[in-house]
Amino acid sequence: MKTLETIRAQLNDCDSLLLDALTKRMACVDELIAYKKAHGMPILQPKQEAIELSRLHDKLSENPYLDEIEAIYRSVIDSSKRVQARRLFPRSIFLIGFMGCGKSSVAAYLSELLAMETVEMDAVLVERAGMPIADIFSRYGEEYFRNLESNLIVELGQQKGLIVSCGGGVPMRAENVKNMKQTGRVVLLTASPKTIYERVKDDTSRPILNGNMNIPYIADLQAKRRPHYEAAADVTVETDQKSVLEICEELIEKICALEAAQT
Ligand code: S3P
């Protein structure tokens, strides 16, 4: 049997190899970023990621530690995505738009693709208040809820690298828009009244629509809010008939183009 010192020395050798490989890998990521920037390529390459993972599975199919190794590998890929995302747009992304336009789904997908932290404003406010939004409205009134939103936007506006799914009413206050733009890009997601209706019709968590769940009401409120949404938006992405991936790719492409044009 090997001595303990020998085994420890071998482990040290492995760690050195790992550290060298990770350092080399990060240098490759730097080159990749430079290449993608120079060629205007999207950083989102889910197909590429799937190829890398299937290569890992092929290579380690018999390995009893496949799960553990895969978890480590995924974290390496995640850190690489985070580095790429921060380099290509070193800000936060604030997703705005009417209820049901897809902000939460897009935020969740983006956060997976870019390994960025997501903040779901409504969920944060519900957790802090210890009650559903409908109860905040009925107990304290809409103005109180809007103030909670504004305070949260001030907090979030001081951070970077977040994906924030905003409540639908956030862009209605100019101060919120100003605070979002301090560290972020504001992305407007749009959808037709019919699409919105289909997405929200069975959900009773939105007090603004309770009792008004119909297409004409949605269309009317959308029309009233549109000028505020459009004035706030740095970038707009229409979501009707598009997959979440298509929406995310378009969004990133537009944000990167904006970033490139302003630097
Ligand atoms: C609201 C939208 C909701 C939530 C609240 C009010 C609005 O968020 O903040 O019910 O005024 O548009 P979502 O847009 O995420 O549904």
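(A) A look at the site of the ligand. Taken together, 14 residues lie around the ligand, and Lys103, Asp122, Arg146, Arg206 and Arg225 are the ones closest in. At a separation of 2.7 Å, an oxygen atom of the ligand approaches a polar side-chain atom of Asp122. The side chain of Arg225 places a nitrogen or oxygen atom 2.6 Å from an oxygen atom of the ligand. Contact with the protein chains hides 97% of the accessible area of the ligand, taken as 390 Å² for the molecule alone.

(B) Just the pattern of salt bridges, in detail. Summed over all chains, the structure comprises 13 salt bridges. When the shortest N-O distance is used, the salt bridge between Lys81 and Glu49 registers 3.3 Å. You can see Lys81 sitting in helix H3 (residues 66-88) and its partner Glu49 sitting in helix H2 (residues 46-59), a full 32 residues away along the chain. Neither Lys81 nor Glu49 differs from the other in exposure class; each is buried.

(C) Representation of the sheet that holds strand S2 (residues 117-120) in the model. Strand order in the open sheet formed by 5 strands is S2-S3-S1-S4-S5, with parallel pairing between adjacent strands. The sheet is open, and its two edges are formed by S2 and strand S5 (235-238), each paired on a single side. Strand-to-strand twist in this sheet, taken as the mean axis angle between neighbours without regard to direction, amounts to 20°. Alignment of S2 against strand S3 (residues 162-165), held across 4 bridges, turns out to be parallel. Note on S3: the bridge partner recorded for Thr118 is Ile163.

(D) Local environment of the domain arrangement of the protein. As assigned here, the protein comprises domain 1 (4-88) and domain 2 (92-261). Look at where the C-alpha atoms of domain 1 and domain 2 centre, and you get two points 33 Å apart. Contacts between the two partners involve 8 residues from domain 1 and, on the opposite side, 11 residues from domain 2. Surface buried jointly by domain 1 and domain 2 totals about 900 Å² across both partners, of which 74% is contributed by carbon and sulfur atoms. The interface formed by domain 1 and domain 2 includes 0 salt bridges.

(E) Up close: unusual backbone geometry. Despite not being glycine, Gln241 shows a phi value in the positive range, around 55°. Considering the arrangement of structural elements, one finds Gln241 in the loop between S5 and helix H11 (244-262). For Gln241, a relative accessible area of 80% gives the class exposed.

(F) Structural view of the confidence of the model for the protein. Taken as a whole, the protein shows an average pLDDT of 92; of its residues, 98% reach a score of 70 or greater. Element-level pLDDT for the protein is lowest in H11, with a mean of 86, against a maximum mean of 98 in helix H5 (residues 121-129).

(G) Representation of the side chain of Arg185. As for its position among the elements, Arg185 is in strand S4 (residues 184-190). Take Arg185: its relative accessible area is 7%, and that puts it in the buried class. Not counting residues within four places of it along the chain, the set of residues in contact with Arg185 comprises Arg91, Ser92, Ile93, Phe94, Asp234, Ile255, Leu258, Glu259 and Gln262.

Cut-off values and rules
- Residues numbered from 1 in each chain as written.
- Predicted model: local features only at pLDDT ≥ 70, side-chain atom pairs only at ≥ 80, totals over all residues.
- Heavy atoms only, no water.
- Near = heavy atom within 4 Å.
- Polar contact = N/O pair within 3.5 Å; in protein donor to acceptor, adjacent residues only side chain to side chain.
- Areas by Shrake-Rupley, 256 points an atom, 1.4 Å probe, with all protein chains shown as cover.
- Salt bridge = Lys/Arg side-chain N within 4 Å of Asp/Glu carboxyl O.
- Helix = DSSP H or I, 4+ residues; strand = E, 2+ residues; numbered from the N terminus.
- Buried < 20%, exposed > 50% of the residue type's maximum accessible area, 1.4 Å probe, protein only.
- Pairing = 2+ DSSP bridges.
- Axes fitted to C-alpha atoms, helices over the stretch in contact; angles between N-to-C directions.
- Domains from an automatic or database assignment.
- Contact = heavy atoms within 4.5 Å.
- Buried area = accessible area lost by both parts, 1.4 Å probe.
- pLDDT = per-residue confidence, 0-100.

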